[in-house]
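Read off the chains here:
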Amino acid sequence: MDIPRIFNVTESAHRIHNPFTDAKLAALGAALRLEPETRILDLGSGSGEMLCTWARDYKIVGTGVDMSSLFSEQAKLRAQELGVEKRVSFIHSDAAGYVADEKCDVAACVGATWIGGGVAGTIDLLKKSLKDNGIILVGEPYWRQLPETEEIAKKCFANSVSDFLMLPELIEHFQKLRYDVVEMVLADQEGWDRYEAAKWLTMRRWLKANPNDDFAKEVRAELDAAPKRHVKYTREYLGWGVFALMPR
Ligand code: SAH
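The rules behind each value
- Residues numbered from 1 in each chain as written.
- Predicted model: local features only at pLDDT ≥ 70, side-chain atom pairs only at ≥ 80, totals over all residues.
- Heavy atoms only, no water.
- Helix = DSSP H or I, 4+ residues; strand = E, 2+ residues; numbered from the N terminus.
- Buried < 20%, exposed > 50% of the residue type's maximum accessible area, 1.4 Å probe, protein only.
- Contact = heavy atoms within 4.5 Å.
- Areas by Shrake-Rupley, 256 points an atom, 1.4 Å probe, with all protein chains shown as cover.
- Lys, Arg positive; Asp, Glu negative; His and termini not counted.
- Charge placed at Lys NZ, Arg CZ, Asp CG, Glu CD.
- Near = heavy atom within 4 Å.
- Polar contact = N/O pair within 3.5 Å; in protein donor to acceptor, adjacent residues only side chain to side chain.
- Disulfide = S-S within 2.5 Å.
- Salt bridge = Lys/Arg side-chain N within 4 Å of Asp/Glu carboxyl O.
- Pairing = 2+ DSSP bridges.
- Axes fitted to C-alpha atoms, helices over the stretch in contact; angles between N-to-C directions.
- Phe/Tyr/Trp six-rings, centres within 6.5 Å; stacked < 30°, edge-to-face > 60°.
- Lys NZ or Arg CZ within 6 Å of the ring centre and 35° of its normal.

A. Fine view of the overall build of the chain. Helix and strand counts for the chain stand at nine helices and seven strands. Relative to its full complement of 248 residues, the chain shows a buried share of 49%. Residue pairs at least 24 apart in sequence account for 74% of intrachain contacts in the chain once pairs closer than 6 positions are excluded. Carbon and sulfur atoms make up 50% of the accessible area of the chain, which amounts to about 12,200 Å² in all. When the 32 positive and 37 negative side-chain charges of the chain are each reduced to one mean point, those points stand 3 Å apart.

B. Structural context of the site of the ligand. His-17, Asn-18, Gly-44, Asp-66 and Ala-95 are the nearest of the 19 residues found near the ligand. Between the ligand and the protein, one listed contact pairs a nitrogen atom with a side-chain N or O atom of Asp-94 at 2.8 Å. Within the side chain of Trp-114, an N or O atom sits 3.1 Å from a nitrogen atom of the ligand. Protein chains bury 90% of the 570 Å² of accessible surface belonging to the ligand in isolation.

C. Region of interest: the state of the cysteines. Scanning the entire structure with this criterion turns up zero disulfides. Looking at the unpaired Cys-104, the closest cysteine sulfur is the one in Cys-109, lying at 13 Å. Judged by its relative accessible area of 2%, Cys-104 is buried.

D. Main features of the pattern of salt bridges. With the rule as written, the count across this model stands at 15 salt bridges. With its nearest N and O atoms 3.8 Å apart, the salt bridge here joins Glu-11 to Lys-199. One end of the pair, Glu-11, is in the loop between helix H1 (5–10) and helix H2 (22–31); the other, Lys-199, is in helix H8 (residues 189–209), and 188 residues separate them in sequence. Grouping residues by exposure puts Glu-11 and Lys-199 together as buried. In this structure, Arg-39 engages Glu-102 in a salt bridge whose closest nitrogen and oxygen atoms are separated by 3.3 Å. Of this pair, Arg-39 sits in strand S1 (residues 39–43) while Glu-102 sits in the loop between strand S3 (88–92) and strand S4 (104–110), and the two are 63 residues apart along the sequence. Using a relative accessible area of 26% as the deciding quantity, one classes Arg-39 as partly exposed. One salt-bridge network, in which partners are shared between bridges, spans Arg-15, Glu-49, Arg-78 and Glu-81.

E. Examining the sheet that holds strand S2 (residues 61–66) more closely. Overall, mixed pairing links the seven strands, which are arranged S3-S2-S1-S4-S5-S7-S6 in an open sheet. Here the strands that pair on one side only, and so sit at the sheet edges, are S3 and strand S6 (179–186). The average undirected angle you get between the axes of adjacent strands in this sheet is 20 degrees. For S2 and S3, the ladder comprises five bridges, and the chain directions are parallel. Paired with Gly-64 across the bridge in S3 is Phe-90. On the sheet, H2 packs against strand S5 (130–143), S6 and strand S7 (238–247) and is oriented at approximately 150 degrees with respect to S6.

F. Local environment of the environment of Asp-105. Within the secondary structure, Asp-105 is located in strand S4. The sequence separation of Asp-105 and Arg-39 amounts to 66 residues, and the corresponding C-alpha distance is 5.3 Å. If sequence neighbours within four positions are ignored, Asp-105 has contacts with Glu-37, Thr-38, Arg-39, Leu-130, Lys-131, Gly-134 and Ile-135. A polar side-chain atom of Asp-105 sits 2.7 Å from the main-chain amide nitrogen of Arg-39.

G. Seen up close, the packing of aromatic side chains. Counted under the stated rule, the structure contains seven aromatic pairs. Centre to centre, the rings of Trp-192 and Tyr-195 are 6.2 Å apart; their planes meet at 40 degrees, and the pair counts as tilted. One end of the pair, Trp-192, and the other, Tyr-195, are both in helix H8, three residues apart, so they sit about a helical turn from each other. Here the two residues Trp-192 and Tyr-195 agree in accessibility, since each one is buried. Three or more aromatic residues joined by ring pairs form one cluster here, namely Phe-157, Trp-192 and Tyr-195. The ring of Tyr-195 has Lys-199 lying over it, and the distance from NZ or CZ to the ring centre is 4.1 Å.

Structure representation (structure tokens):
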């Protein structure tokens, strides 16, 4: 069981697999006023940077679930590196339908809401692991500018314009699901550069190391296309943020 190989190649050197920087992740942790021993579940935990740094900085405890064996392994190594391996654990598994044995103070899905079939389904899933008065964290894209065509949407990690909302409509969507939006930290264009541009050097080095791999043609095509696509489309059209929600 694993995610499509392209992500394990292009994001192999990423610690954070979304447009957040270290500073944004720290700002989110501070914004949530996390107390020591706060229990956090993270579905689609990637390389574990959120749980590991918050365990170091705020003494939280937590579990991450991720379907990439590479990222899950990197998460365990990161926990050891930061000396928090007793506080956080990482499970390599499909997180669809995952409900924690012990209810959590914070239940998160940061940039992987397809796990629950979209924002509403993911919130429903996270709620099953949440204590009363707990906080749900959802990381999700939104349109900074509405794409004029479906072709533009497709250049921005969407299948269609209707995949994402504008920011006010996304907030309204959370409220219609009967959640209070209690905090939010938004990524910026420099964050998108860190997420996207870091893939280019990784791809270039991978191509040098794996010239005869069956996958080389696909990676080469992606390296050719990605920089221009990023500056022309993703960087201009797509926003991204993490929203903290509490059930009403
Ligand atoms: N939250 C992390 C990772 C976001 S990228 C971060 O912010 O760094 C999306 C992640 O979802 C990837 O790590 C990918 O491996 C994981 N993923 C994709 N499908 C999944 C599934 N069905 N179950 C669990 N994890 C999944």
